[in-house]
Amino acid sequence: MKFTDLQLSEDILLAVEKAGFETPSPIQEQTIPLALEGKDVIGQAQTGTGKTAAFGLPTLNKIDIDNQAVQALIIAPTRELAVQSQEELFKFGREKGVKVRSVYGGSSIEKQIKALRSGAHIVVGTPGRLLDLIKRKALKLDGVETLILDEADEMLNMGFLDDIEAIIERVPESRQTLLFSATMPEPIKRIGVKFMKEPEHVKIAAKELTNVNVDQYYIRVKENEKFDTMTRLMDVDQPELSIVFGRTKRRVDELTRGLKLRGFRAEGIHGDLDQNKRLRVIRDFKNDQIDVLVATDVAARGLDISGVTHVYNYDIPQDPESYVHRIGRTGRAGQSGQSITFVSPNEMGYLAIIEDLTKKRMKGLKPATAQEAFEAKKKVALKKIEREMADETIRSNFDKFKKDAVKLAAEFTPEELALYVLSLTVQDPDSLPEVEIAREKPLPFKFAPGQAKGKGGRGGRDRDRGGRRDGDRNRDRGGRRGDRNDRNRRDDKFKRDNRRQDNKKPHQRTSSEKKTGFVIRNKGER
DNA sequence: AAAAAAT
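As annotated in an unreviewed UniProt entry, chain A carries the name DEAD-box ATP-dependent RNA helicase CshA and comes from Streptococcus suivaginalis. You can read under Subcellular location (unreviewed entry) in the UniProt record for chain A the words "Cytoplasm".

Structure below.
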C-alpha cells in the first residue's frame, strides 16, 4: 500500500511525496479512505504513528480553494500543539494553496483576527481563544464541513467539555466529525459519540496501547534521592535530547534550576510562562539549543520533536493516560526511545495502575552509582582532552581519583573534568590544581538531601566558609554540557584558565580539599 | 489533585 493508492488529489500527493512519505501508517491507511467518504471517524493509534496526517490529509483534500469560508476546524488542548498542527497542515496543503491559520491565547488577538480576515480555509485553535473570536464575530463557523478534536479524550474531559460544547453549537449539524487520540477511555468515548453520526471506530493494535519502540523502565527511589539518581542516570544515558516531566509548575521551575546548576542545557515549559517564552523554548529545543526540556503535562501530548531519545518521569503521572502520552514524546516515526519513571515507595500503586492500562510491564532499573556516572563522564572528558591536545598521559590522571573524589566528580560536567585533569598535568603535584567553576546559586532546597537529613546547611553558613563545600555532595555548579554549540566557549575557558594559573599564588589547601583533590570556588572569587 | 484553556 502506497499513499498513491489512497484517493487523494494530485497536489496533496505531491506535498506528501515532498515530505518524504511513501507508505501510509496503519492508522492512515485505515482512516483516510473513511474520512474521504465523509464518514465520522474515531481514530485511535499509538503515539507517533501519524495521526495528524491521518485526519489532516483527507481534510485538506476536501477543501474548496475558491470557497473563502472556514471549512475545517481543528481544536487542540495546548497552544504549542495548535501551532504544530497548523505547521504540518500548511506543509501538506501549500501545493494546493490551502490557507491554514492557528489561533490561541497568550498572543495578540488583533494579529490573529487580521490573519483570519486575509483568508482561512482551515483554523486550528485552543478552546478559549476560539470562543473569544466567535464572540467578537471574527470567526464564523457556519461554513465548517469538518470538525476535528485532536487529543479527543482530553478535549472531552471535564475542564474542556463546556467550551467544546459551546464551540460545537456553532458548527453546522451537517458536518463531518473526526476524533483522534492515542487514548480513548470508554466513558469519554461515549461522550464523544454524542457529537457524531454513526462513527466508525478505528483502533490500531488493540493489544498495545503504548508505542512498541519505547523501552519502558522504572526506578524505585526515595523522594530525597531522586534528583541525584536522575542526573547520574542522565550522565550514563547521554541522551541526545530528553524531556523531564514534573508534577507541578513550581516543581518544573525547581528542576530546571537544579539541572542548569548541574551543567545541563535545560529549559522549562509550563502554563505560567508567557507565550513568547513557551514558543521560544520549544523552538530552541527543536534547534538543539537546549538538550533537556523540563515540562509539566503541557508538553505531554502531541508534540512531535525528532531526536528525543529519553523521557524521564521525574514525578510519576497520577493519570495513567498522561503516562502513555508523555512517553510517546520519544520513539516516534519508527525511531527507538526510552522512558524512565521514578517511583517513590509510597507511589508504587500508581505504577500498578499505569501497567494495568498499558498492559505492559516496565522493567525495574537500579540507580546508577556515582562510579558509573563518573566513568561515563570520564569517557566524554577524555575525548575532549584528546581533541584539544593529544596527550595520552592525561588518561592516567583519572586513575588517581579516590572514592570521595569520584563522588564529587560524578557531579562535574565533562568539561570541568577535562579542565581539572588537564590542570593536573601542568601543575606540580603539591601546588593547587585550579578549576574555575561558575557556581552561581545553591541548588533548590528540595534537591539537597544533606540538608533534608539535617546534616549541614547550605546558603549562608557555607558561604561564610568561603563558599568551599567540597565535602558536601550537593555542590552546585554552572558550566555547560554538550559539545554541539559551545565549542568556542569551551576553548576560551581552557585558555582563560591556563592563563590565570600562570600568575597565581598557591592556595593553602583545607583538609577536605586534600582529601578529594578538588578546589571549588564561587564565581568571581580568587 | 494538577494541568490545560480568554483577558
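Now that the structure has been shown, the text picks up again.
(A) Expanded view of the packing of aromatic side chains. Under the defined criterion, the tally for this structure stands at 4 aromatic pairs. An aromatic cluster is built from Phe3, Phe21 and Phe92, whose rings are joined through pairwise contacts. Between the NZ or CZ atom of Lys91 and the centre of the ring of Phe92, over which it lies, the distance is 5.0 Å. Taking the ring centre of Tyr314 as reference, the NZ or CZ of Lys226 above it sits at 4.8 Å.

(B) The arrangement of the pattern of salt bridges in detail. What the rule picks out here adds up to 22 salt bridges. Glu154 is the salt-bridge partner of Arg301, the closest N and O atoms lying 4.0 Å from each other. With a gap of 147 residues between them, Arg301 in the loop between strand E11 (292-295) and strand E12 (308-313) and Glu154 in helix H7 (residues 152-155) connect regions that are remote in the sequence. Its relative accessible area of 10% is what places Arg301 among the buried residues. For Lys277, the salt bridge identified is with Glu267, shortest N-O distance 3.4 Å. Taken as a pair, Lys277 in helix H12 (residues 275-286) and Glu267 in strand E10 (residues 266-269) lie far apart in primary sequence, 10 residues in all. The class of Lys277 is partly exposed, set by a relative accessible area of 23%.

(C) View of the UniProt feature "short sequence motif: Q motif" (unreviewed entry) in chain A. Mapped onto the present numbering, the UniProt feature "short sequence motif: Q motif" (unreviewed entry) falls on residues 1-29. Regarding residues 1-29, the helix share stands at 45% and the strand share at 0%, and the terminal C-alpha atoms are separated by 8 Å.

(D) Region of the structure containing the UniProt feature "domain: Helicase ATP-binding" (unreviewed entry) in chain A. Using the residue numbers shown here, the UniProt feature "domain: Helicase ATP-binding" (unreviewed entry) corresponds to residues 32-202. As annotated, residues 32-202 comprises 41% helix and 18% strand, and the C-alpha atoms at either end are separated by 11 Å.

(E) Quick look at the sheet that holds E12. Read from one edge to the other, the open sheet built from 7 strands follows the order E10-E11-E9-E12-E13-E8-E14, with strand pairing classed as parallel. The sheet is open, and its two edges are formed by E10 and strand E14 (363-364), each paired on a single side. For E12 and strand E13 (residues 337-343), the ladder comprises 4 bridges, and the chain directions are parallel. From the neighbouring strand, His310 faces E13, where its bridge partner is Gln338.

(F) Geometry of the side chain of Ser242. Take Ser242: it is sitting in strand E9 (residues 241-245). Residue Ser242 is classed as buried on the basis of its relative accessible area of 0%. Apart from residues no more than four positions distant in its own chain, Ser242 is found in contact with Met234, Phe285, Asp291, Val292, Leu293, Val308, His310 and Tyr312.

(G) Representation of the environment of Gly349 in the model. Position of Gly349 relative to the elements: it lies in helix H14 (residues 348-358). Here Gly349 falls in the partly exposed class, since its relative accessible area comes to 43%. When the C-alpha positions of Gly349 and Gln318 are compared, they lie 9.8 Å apart, and in sequence the two are 31 residues distant.

(H) Broad picture of helix H1 (residues 10-18). Those residues of H1 lying buried are Ile12, Leu13, Ala15 and Val16. Buried residues along H1 cover an arc of 160 degrees about the axis, so they all sit on one side. More than 90 degrees from the buried face of H1, the exposed residues found are Glu10, Glu17 and Lys18. The elements touched by buried residues of H1 are helix H3 (51-62) and helix H4 (79-93). Positive backbone phi, at 85 degrees, marks Gly20, one or two positions downstream of H1.

(I) Looking closely at the protein's contact with DNA strand B. Around DNA strand B, the surrounding shell holds 23 residues, and the nearest of these are Arg129, Gly159, Lys249, Gly271 and Arg278. Close to the protein, within 4 Å, the atoms of DNA strand B are drawn from sugar and phosphate at a rate of 80%. Between DNA strand B and Gly128 there is a distance of 3.0 Å, counted from a phosphate oxygen to a backbone nitrogen or oxygen. Residue contributions to the surface near DNA strand B peak at 5 residues, all from helix H6 (residues 127-135).

(J) Main features of the packing of H6 against helix H8 (residues 161-168). Contact geometry of H6 with H8 gives a least axis separation of 10 Å together with a crossing angle of 35 degrees. Here H6 and H8 pass one another in a crossing that is left-handed. Mapping the contact onto sequence places Pro127, Gly128, Leu130, Leu131 and Ile134 in H6 and Asp163, Ile164, Ala166 and Ile167 in H8. Tallied by class, residues from the contact of H6 with H8 come to 7 nonpolar, 1 polar and 1 charged.

(K) Layout of unusual backbone geometry. Positive phi is not limited to glycine here, since Ala333 has a value of about 50 degrees. Along the chain, Ala333 turns up in the loop between helix H13 (320-327) and E13. The exposed category is assigned to Ala333, whose relative accessible area is 68%. Residues other than glycine seldom take positive phi values, yet Lys359 does so here, at roughly 55 degrees. Assignment of secondary structure puts Lys359 in the loop between H14 and E14. Look at Lys359 and you get exposed, because its relative accessible area is 62%.

Definitions and cut-offs
- Residues numbered from 1 in each chain as written.
- Chains lettered and ligands numbered in written order.
- Predicted model: local features only at pLDDT ≥ 70, side-chain atom pairs only at ≥ 80, totals over all residues.
- Heavy atoms only, no water.
- UniProt positions renumbered as here; feature names shortened; annotations may be inferred.
- Phe/Tyr/Trp six-rings, centres within 6.5 Å; stacked < 30°, edge-to-face > 60°.
- Lys NZ or Arg CZ within 6 Å of the ring centre and 35° of its normal.
- Salt bridge = Lys/Arg side-chain N within 4 Å of Asp/Glu carboxyl O.
- Helix = DSSP H or I, 4+ residues; strand = E, 2+ residues; numbered from the N terminus.
- Buried < 20%, exposed > 50% of the residue type's maximum accessible area, 1.4 Å probe, protein only.
- Pairing = 2+ DSSP bridges.
- Contact = heavy atoms within 4.5 Å.
- Arc of directions from axis to C-beta.
- Near = heavy atom within 4 Å.
- Polar contact = N/O pair within 3.5 Å; in protein donor to acceptor, adjacent residues only side chain to side chain.
- Axes fitted to C-alpha atoms, helices over the stretch in contact; angles between N-to-C directions.
- Left-handed = near helix turned anticlockwise from the far one by under 90°.
- Nonpolar A, V, L, I, M, F, W, Y, C, P; charged D, E, K, R; others polar.

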